[in-house]
Amino acid sequence: MSRIVYVNGEYLPETEAKVSIFDRGFLFADGVYEVTSVLGGKLIDFDGHARRLERSLGELDMTPPIGRDALLEVHRQLVARNGLEEGMIYLQITRGAPADRDFAFPSEEVPGTVVLFPQAKTLTGPEIAAKGWRIVTVDDLRWGRRDIKTVQLLYPSMGKMAAKAAGADDAWMVEDGHVTEGTSNNAYIVKDGKIVTRHLGTEILHGITRAAVLRFAAEAQMKVEERAFTVEEAQAADEAFVTSASSFVMPVVEIDGVVLGDGTPGPIAMRLREIYIDESRKVAL
Ligand code: PDD
């Protein structure tokens with residue numbers, strides 16, 4: 001079944017949607033994106049994603065080509081027109097398509113390109129997190145502004161391929177001996193009941209799921225420490241997990257071949273997963 005997608009003001013069947021070959025997203029990865037999950041036909045944490053999108057655009061001196069209310073409406077329309085019950089809405093905004101390839105940014109008259117499409121995916125249910133993920137580590141070779149959610153995702157793709165080649169589920173990236181984050185998620189360990197996750201900065205994306213999960217953890221009287229941790233510390237942890245809009249809270253059971261605890265998803269990760277999904281559903285838009 002063909003999806004209905006959104007491109008620059010129009011809802012179209014996916015086969016009819018077009019973007020210029022001169023689009024700066026295509027030529028320079030000059031664009032930003034967001035992924036908002038959908039549960040029960042409703043958007044999870046839309047405001048958080050919209051806020052981060054505005055920040056990403058601002059950091060790159062891009063003029064928002066569409067406002068927050070209009071964006072919410074497009075998200076809702078795509079959910080409705082595609083009958084999306086569970087999955088994600090992908091949103092991408094680029095610096096638009098000038099008349100030719102040129103490294104310099106085009107003038108303000110070139111409008112940004114706005115593309116959104118739905119992706120149906122089962123995100124919940126007992127089988128999704130039942131086994132937990134096995135992780136390998138790779139060097140973090142990305143650029144220095146990982147707090148901006150740009151579409152430069154080649155290195156994370158390579159990380160996921162390295163994980164696949166090793167028979168693992170995903171990769172964590174390591175810089176100066178410390179874990180920065182997963183290829184498309186934030187990374188956490190749990191030791192003696194305390195949750196440790198890297199502090200915010202330019203080295204990692206400021207996860208919208210991370211912010212919510214840390215808030216729920218505090219509300220549940222769990223101890224949280226925001227600081228960098230090493231791979232060795234992670235391998236000696238009682239449990240570990242990752243968070244993202246597409247995985248929510250996903251337990252990690254193995255890091256570079258070292259099994260954590262008894263090799264099954266940890267209780268704190270599973271509890272946070274349940275709380276996150278329950279609470280997010282309650283306030284979904
Ligand atoms: N990835 N870190 C990185 C590098 C990410 O790409 C993501 C999200 C996160 C988690 O952010 P959030 O909780 O806001 O989803 C952390 C999305 C899901 C993706 O690229 O598909």
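For the structure itself, look to the data block above.
The model shown is predicted, which means the values in this text are computed figures rather than measured ones.

Draft legend 1. Structural view of the pattern of salt bridges. Under the criterion given, the structure shown has 19 salt bridges. Notably, a salt bridge pairs Glu225 with Lys194, separated by 3.0 Å at the nearest N-O pair. On the criterion of sequence distance, the pair formed by Glu225 in strand 12 (residues 223-226) and Lys194 in strand 11 (residues 194-197) is long-range, its members being 31 residues apart. The partly exposed category is assigned to Glu225, whose relative accessible area is 26%. A network of salt bridges, in which partner residues are shared, links Asp140, Arg142, Arg146, Glu175 and Glu181.

Draft legend 2. Broad picture of the nonpolar core. Formed by 27 residues in total, the largest nonpolar core has its most connected members in Ile195, Phe241, Leu272 and Tyr276. Contributions of two or more residues to this core are made by strand 3 (31-39), strand 5 (87-94), strand 10 (186-191), helix 5 (208-219), strand 14 (248-255) and helix 7 (267-282). No other element matches the 6 residues that helix 7 contributes to this core. Residues from two domains meet in this core; each of domain 1 (4-120) and domain 2 (133-283) gives at least three. With 23 residues, the next largest nonpolar core counts Val38, Leu57, Leu91 and Ile93 among its residues.

Draft legend 3. Expanded view of the layout of surface pockets. The volume enclosed by the largest pocket comes to roughly 900 Å³. Residue lining of the largest pocket: 44 residues in total, with Tyr33, Lys149, Thr183, Ser184 and Asn185 positioned closest to the centre. Of all elements in the fold, only strand 3, helix 2 (46-59), strand 5, helix 4 (154-165), strand 9 (178-182), helix 5 and strand 13 (239-244) reach the threshold of two or more residues within the lining of the largest pocket. In terms of residues, the lining of the largest pocket owes the most to one element, helix 4, which gives 5 residues. Among the domains, domain 1 (4-120) and domain 2 (133-283) are the pair contributing at least three residues each to the lining of the largest pocket.

Draft legend 4. Region of the structure containing the sheet that holds strand 2 (residues 10-13). One open sheet accounts for 6 strands, arranged 2-1-6-5-3-4; its pairing is antiparallel. The two strands at the open ends of the sheet, each matched to only one other strand, are strand 2 and strand 4 (42-43). Here strand 1 (residues 4-7) pairs with strand 6 (residues 113-120) via 2 bridges, running antiparallel. Residue pairing in the sheet places Val7 in a bridge with Val115 of strand 6.

Draft legend 5. Broad picture of the side chain of Glu254. Note on placement: Glu254 falls in strand 14. Despite its burial, Glu254 pairs with no opposite charge, the nearest such side chain being Arg134 at 4.3 Å. Not counting the four nearest positions on each side in its chain, Glu254 is found in contact with Trp133, Arg134, Ile135, Val259 and Leu260.

Draft legend 6. Fine view of the site of the ligand. Taken together, 20 residues sit near the ligand, with Tyr33, Glu181, Ile208, Thr209 and Ala245 positioned nearest. With respect to the ligand, the side chain of Tyr33 contributes an N or O atom lying 2.6 Å from an oxygen atom. The contact in question runs from an oxygen atom of the ligand to an N or O atom on the backbone of Ala245, over 2.8 Å. Surface burial for the ligand is 90%, taken as the share of its 480 Å² of free accessible area covered by protein chains. Most atoms of the ligand, that is more than half of them, are within 2 Å of grid points of the largest pocket. Of the residues in the shell around the ligand, the class split is 5 nonpolar, 11 polar and 4 charged.

Draft legend 7. Structural detail: the packing of aromatic side chains. Taken as a whole and assessed by the stated rule, the structure comprises 8 aromatic pairs. Taken together, the aromatic side chains of Tyr33, Tyr90 and Phe117 make up a single cluster linked through ring pairs. Residue placement shows Arg81 over the ring face of Tyr11; its charged tip is 3.9 Å from the ring centre.

Draft legend 8. Here's a closer look at a nonpolar patch on the surface. A contiguous nonpolar surface patch, about 400 Å² in accessible area, is contributed by Ile21, Phe22, Phe26 and Leu27. Locating Ile21 in the fold gives a position in the loop between strand 2 and helix 1 (24-28).

About the cut-offs
Residues numbered from 1 in each chain as written. Predicted model: local features only at pLDDT ≥ 70, side-chain atom pairs only at ≥ 80, totals over all residues. Heavy atoms only, no water. Salt bridge = Lys/Arg side-chain N within 4 Å of Asp/Glu carboxyl O. Helix = DSSP H or I, 4+ residues; strand = E, 2+ residues; numbered from the N terminus. Buried < 20%, exposed > 50% of the residue type's maximum accessible area, 1.4 Å probe, protein only. Core = buried A, V, L, I, M, F, W, Y, C linked by side-chain atoms within 4.5 Å. Domains from an automatic or database assignment. 1 Å grid on protein atoms, 1.4 Å probe; cavity = no way out; pocket = protein on both sides within 12 Å on 5 of 7 lines; lining within 4 Å. Points joined across faces, edges and corners; volume = space filled by probe spheres on them. Pairing = 2+ DSSP bridges. Lys, Arg positive; Asp, Glu negative; His and termini not counted. Contact = heavy atoms within 4.5 Å. Near = heavy atom within 4 Å. Polar contact = N/O pair within 3.5 Å; in protein donor to acceptor, adjacent residues only side chain to side chain. Areas by Shrake-Rupley, 256 points an atom, 1.4 Å probe, with all protein chains shown as cover. Sits in = over half its atoms within 2 Å of the grid points. Nonpolar A, V, L, I, M, F, W, Y, C, P; charged D, E, K, R; others polar. Phe/Tyr/Trp six-rings, centres within 6.5 Å; stacked < 30°, edge-to-face > 60°. Lys NZ or Arg CZ within 6 Å of the ring centre and 35° of its normal. Patch = residues over 30% accessible without salt bridge, like charges linked within 9 Å, V, L, I, M, F, W, Y side chains within 5 Å.

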